[in-house]
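Commentary on secondary and tertiary structure
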Amino acid sequence: MNASDRTPADLLRSALAADPSRPLVTFYDDATGERVELSVATFANWVAKTANLLQGELSASPGDRLALLLPAHWQTAVWLLACSSVGVTAELGGDPADADYAVAGPDTLDAGLACSGDRIALSLAPLGRRFPTPPAGYADYAVEVPSQGDRFAPFVPVAADSPALVVGGTELTGAQLVERARADAEALGLAPGARLLSARPYDSWEGVSAGLYAPLAAGASVVLCRNLDRLAPEELDKRVESERVTATAV
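The present account deals with the structure reproduced in this document. The structure displayed is predicted, hence computed values, not measured ones. (Residues numbered from 1 in each chain as written. Predicted model: local features only at pLDDT ≥ 70, side-chain atom pairs only at ≥ 80, totals over all residues. Heavy atoms only, no water.)

**Some remarks on the packing of aromatic side chains**
For the structure on display, the rule yields four aromatic pairs. On the basis of an interplanar angle of 10° and a centroid distance of 5.8 Å, the ring pair of Trp-205 and Tyr-213 is categorised as stacked. This pair shows no difference in class: Trp-205 is buried, exactly as Tyr-213 is. Chaining the aromatic ring pairs together yields one cluster made of Trp-46, Trp-74, Trp-79 and Tyr-141. One residue, Arg-180, lies across the ring of Trp-205, its end atom 6.0 Å from the ring centre. (Phe/Tyr/Trp six-rings, centres within 6.5 Å; stacked < 30°, edge-to-face > 60°. Buried < 20%, exposed > 50% of the residue type's maximum accessible area, 1.4 Å probe, protein only. Lys NZ or Arg CZ within 6 Å of the ring centre and 35° of its normal.)

**Comments concerning the nonpolar core**
Ranked by internal contacts, the top residues of the largest apolar core, which has 55 residues, are Phe-43, Trp-79, Leu-80, Leu-165 and Tyr-213. For this core, the leading source of residues is helix α3 (residues 74-86), giving nine residues. Leaving out residues up to four positions away in the same chain, Trp-79 has contacts with Thr-50, Leu-53, Leu-54, Leu-66, Leu-68, Leu-70, Val-103, Ile-120, Leu-122 and Tyr-141. The next biggest cluster of nonpolar side chains, apart from the first, holds ten residues, and it includes Ala-185, Ala-214, Ala-247 and Ala-249. (Core = buried A, V, L, I, M, F, W, Y, C linked by side-chain atoms within 4.5 Å. Helix = DSSP H or I, 4+ residues; strand = E, 2+ residues; numbered from the N terminus. Contact = heavy atoms within 4.5 Å.)

**Looking at the sheet that holds strand β10 (residues 195-198)**
Within a beta sheet, neighbouring strands are joined by backbone hydrogen bonds and run either parallel or antiparallel to one another. Across the sheet, which stays open at both edges, the five strands sit in the order β2-β1-β11-β10-β12 with mixed pairing between neighbours. Only two strands of the sheet have a single partner each, and these edge strands are β2 (34-39) and β12 (247-249). The average undirected angle you get between the axes of adjacent strands in this sheet is 15°. The sheet contact formed by strand β1 (residues 23-29) and β2 spans six bridges and is antiparallel. Each bridged residue has a counterpart across the sheet, and for Pro-23 the counterpart in β2 is Ser-39. In the packing of α3 onto the sheet, the strands contacted are β1, β2 and β11 (221-226), and the crossing angle to β2 comes to about 30°. (Pairing = 2+ DSSP bridges. Axes fitted to C-alpha atoms, helices over the stretch in contact; angles between N-to-C directions.)

Right, here's the structure in full:
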């Protein structure tokens, strides 16, 4: 990837310029049987729409903080890059009461209500379906995001030395995040075109790095698996083969 990349959004732009058609995130949920594959271009489009929702509809700006109350999921990855694109600090598992915004899934809706700012709910259902009825106190992401623009430009340039992510009690600037992601990619043996299978939760740097940032920094891709413990060992072997996995983080 481009050595001048200083923020996660920079990494995504470089990936898009290099090969927009290659896979970036392949997501499995072994509790529902869901499989979703997003190319760099498709992922970047979701990020742009979500960033436009944040900046345009919710009036988010650099320095704001967003409690991201979601599991390891392709839509969580989208929100992480959208926050970086706007300059909003994403706090994975953060305290909603101290955040300007909250994004919650079905299991964290009650917790998210502690946020006094705007709240967005994700059903996390296959195909990104909307809720049958929007949860009280929330806007439904699946209703709000489709109408957003496919291209994003921040109103204010995002500084590489501004906070970008809080996870596991550690706060990282954009530049620190990129530096760590590159180091992790090297440690995992990731090269351009590599395929990393990760079953780690997004509750630690190690989990979110393997599940998103390290593959992105290396020009690789991630096979992100949720509820992998429900998969029989022989089925896991088949997945590794069919997805052309070259490294694992489980």
